[in-house]
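# Working through the structure, step by step
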Amino acid sequence: MSRVTADLVKADNQFIHPWDDIVKLGKNKRTVIERGDGVYVYDSDGNRLLDGPGGMWCVNIGHGREEMARAIYDQIMRLSYTSPWSLTTGPAVKFSQAIAAEAPGDLNHVFFTTGGSTAVDSALRFVQFYNNVRGKPEKKHIISHKKGYHGSTYLSASVSGKERDRNSLDFVEGLIHHISAPHSLWKAEGQKDSEFLDQCVANLEDCILAVGADRCAVFVAEPILASGGVIVPPKGYHQRCLEICRKYDMLYLSDEVVTSFGRLGHCFASEAVFGIQPDIITTAKGMTSAYIPMGAFLVSDRLLDEVKAFGGDSAVFSNGFTYSGHPVAAAAGLKNLEIMKREKLFEHVQEVGPYMQEQLQTLRDIPIVSDVRGIGLMACVECELNQGDTNLAMDYEIGNRIDRHCQALGLIVRPLVNMCVMSPPLTITREQIDEMVGILRKGIELAMRDFYDELDRDKPGDQHQAWGG
Ligand SMILES: Cc1ncc(COP(=O)(O)O)c(C=O)c1O
């Protein structure tokens, strides 16, 4: 490591990163990433690393696009900012039109935010506003999934259901209810697919009835639970949940922060992949391919018409951000969508997505690989040393070791505990998928060998005790 890099790594401890362990602040040694090109990034020692997670499910068109830099530069030179309150700009108007044109059904209006958390937060505030205006202020309760992730503002974090994040922070109490994630891995032995689907849907209906339908406002769901571990629901789940929502006068908010802008081979996945037309869709990440932060929620004409009908002379949605519809972010978003369409990236994902899934499935022959799942260019390879045995400390250790080996071999993984998420740039080729899967295989095998060697050395033949299971 060069002197300059060593200084940076040390000084990086002044920067509190997301999810930082404050007790360990001062001891972190993060890799410094210096530049990116296509599906690869390069660290400060010049090592080339394939970007397996695509940043964080967001670098959809790949790194280092000159066209994006030009679009951003040109917009800054023309106009870097103006207030979105009483003024507007061409890029914001055109981008909202372009997004609405891609969205299903009558989701024709766009509210711009600064990222995914603020998209979810604003969308939920819109739901409260909608019910208040139409004279149903008691309809405030939100239902979402355990293992769901919806952001890091007070409200979006409270709606998130990842238990491991429920540590020393506070959450909105009493208004939010979490139902089990529809994880096919949890299907009971001998249970038919249709029975499992019924059970998952019943979880939602039971929750609504327990809270009281007149108090339930909205069901929030990711089409595929992304950072909960790429949980793919059983076929028909979202359609059936939407029917339940309709039955109880509840709204359906589809959180497409990860799944939109091509990850599943379509601009939006709700209708194209899951056959539903939600009332609200949230998006971010791939919306600008992470060149500039931006998010949005899309809302249906139906909801806006109701607000207009009930609102009398005025119904002000008092919610927004200095950077709502930021012209530079909108210009980046427009260029991003133009590139996706010109290069037929959605069709490309439809073509290479199944190939990536097939290739990842071949990893199932590694003894510690317990599950491989996904759709499109979104997948998860889950590893457990003693399959079926839950041991969080060991799960973290497996993930860390796979991560270290893969990085040394040229692949960024950054597992979610013991789950290796693959969500590469949409431009990835078959050859690059082979490279990615090949390195992942070696990394997992090396991590497994480390464990087995240590087990042999420390406590021969007693895996459970050696690893605290
Ligand atoms: C489904 C989903 N919703 C919302 C968010 C929050 O987005 P952001 O980190 O841009 O605020 C994320 C982030 O990973 C996400 O995966």
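Each chain has its residues counted from 1, running along the sequence as written. In view of the model being predicted, local features appear only for residues whose pLDDT reaches at least 70, and side-chain atom pairs are presented and counted only at 80 or more, with totals across whole chains, interfaces and linings using the full set of residues. The basis for every side-chain value is the complete set of heavy atoms in the structure, and neither hydrogens nor water enter the calculation.

Here the focus is the sheet that holds strand 4 (residues 109-113). Two strands pair if DSSP finds at least two bridges between them. Note on conventions: DSSP H or I runs of at least 4 residues are helices, E runs of at least 2 residues are strands, and numbering of each starts at the N terminus. The strand order 4-10-9-8-7-5-6 describes an open sheet built from seven strands, whose pairing is mixed. Of all strands in the sheet, those bounded by a partner on one side alone are strand 4 and strand 6 (176-179). Across this sheet, the average inter-strand angle for adjacent strands is 20 degrees, counted without regard to direction. Bridging between strand 9 (residues 280-283) and strand 10 (residues 295-299) involves four bridges; their strand directions are antiparallel. Bridging across to strand 10, threonine 282 finds its partner in phenylalanine 297. For this analysis, residues touch if any pair of their heavy atoms sits within 4.5 Å. Fitted lines through C-alpha atoms serve as axes, helices being fitted only where they are in contact, and the angles separating the N-to-C directions of these axes extend from 0 to 180 degrees. The strands that helix 4 (residues 90-102) touches are strand 4 and strand 10; relative to strand 4, the one it contacts most, it runs at about 125 degrees. Sheet contacts for helix 5 (residues 116-133): strand 4, strand 5 (141-145), strand 7 (216-221), strand 8 (251-255), strand 9 and strand 10; angle to strand 9, the most-contacted strand, approximately 160 degrees.

In this section: the environment of arginine 134. You can see arginine 134 is positioned in the loop between helix 5 and strand 5. Not counting residues up to four positions away in its chain, the partners in contact with arginine 134 are Lys139, Asp249, Glu306 and Phe310. Within polar-contact distance, the side chain of arginine 134 engages the side chain of aspartate 249 at 3.0 Å. Under this definition, polar contacts are N or O atom pairs within 3.5 Å; protein pairs additionally need one hydrogen-donor-capable and one acceptor-capable atom, and for neighbouring residues in sequence, both atoms have to be side-chain atoms.

This brings us to the packing of helix 5 against helix 10 (residues 301-310). At a minimum axis distance of 9 Å, the contact between helix 5 and helix 10 shows a crossing angle of 40 degrees. In this view, helix 5 runs oblique relative to helix 10, as classed from their interaxial angle. Crossing geometry of helix 5 relative to helix 10 is assigned as left-handed. In this structure, helix 5 contributes Phe126, Phe129, Tyr130 and Val133 to the contact, and helix 10 contributes Arg302, Leu303, Leu304, Glu306, Val307 and Phe310. Note on residue classes: Ala, Val, Leu, Ile, Met, Phe, Trp, Tyr, Cys and Pro are nonpolar, Asp, Glu, Lys and Arg are charged, and everything else, Gly too, is polar. Counted by class, the contact of helix 5 with helix 10 contains eight nonpolar, no polar and two charged residues. Geometric relationships in this document are graded by angle, where less than 35 degrees denotes roughly parallel, more than 145 denotes roughly antiparallel, 65 to 115 denotes roughly perpendicular, and other angles denote oblique. The crossing is said to be left-handed when, going from far helix to near helix, the turn is anticlockwise and less than a right angle, and right-handed when the turn is clockwise.

Looking now at the site of the ligand. In these notes, residues near a molecule or strand are those with any non-hydrogen atom within 4 Å of it. In the vicinity of the ligand, the contacting residues are Gly115, Gly116, Ser117, Tyr149, His150, Gly151, Glu222, Asp255, Val257, Val258 and Lys285. Take aspartate 255: an N or O atom from its side chain is 2.7 Å from a nitrogen atom of the ligand. Contact with the protein chains hides 83% of the accessible area of the ligand, taken as 390 Å² for the molecule alone. Considered class by class, the residues forming the shell around the ligand number three nonpolar, five polar and three charged. Each accessible area is a Shrake-Rupley estimate made with a 1.4 Å probe; only the visible protein chains count as cover when residues are assessed.

Residues Leu360, Leu363, Val381, Ile402, Leu440 and Ile444 are the most contacted members of the largest nonpolar core, which totals 66 residues. For this core, the element with the most residues is helix 14 (residues 430-458), which contributes ten residues. Annotation comment: domain bounds sourced from an automatic or database domain assignment. Each of domain 1 (31-61 + 344-466) and domain 2 (67-342) accounts for three or more of the residues forming this core. What is meant by a nonpolar core is a set of buried Ala, Val, Leu, Ile, Met, Phe, Trp, Tyr and Cys residues, joined one to another through side-chain atoms within 4.5 Å. Think of it in three bands: with a 1.4 Å probe and only protein chains considered, a residue is buried below 20% of the maximum accessible area for its type, exposed above 50%, and partly exposed in between. Core analysis: the next-biggest nonpolar cluster, separate from the first, contains 25 residues, Leu124, Val127, Tyr130 and Leu155 among them.

With that out of the way, let us pick up the sheet that holds strand 3 (residues 48-51). Spatially, four strands are ordered 1-2-3-13 in an open sheet, and the strand pairing comes out mixed. With partners counted over all chains shown, the strands left at the sheet margins are strand 1 (33-37) and strand 13 (411-412), one partner each. As judged from the two bridges shared by strand 3 and strand 13, these two strands associate in the parallel manner. Bridge assignment links leucine 50 to a residue of strand 13, and that residue is leucine 411.

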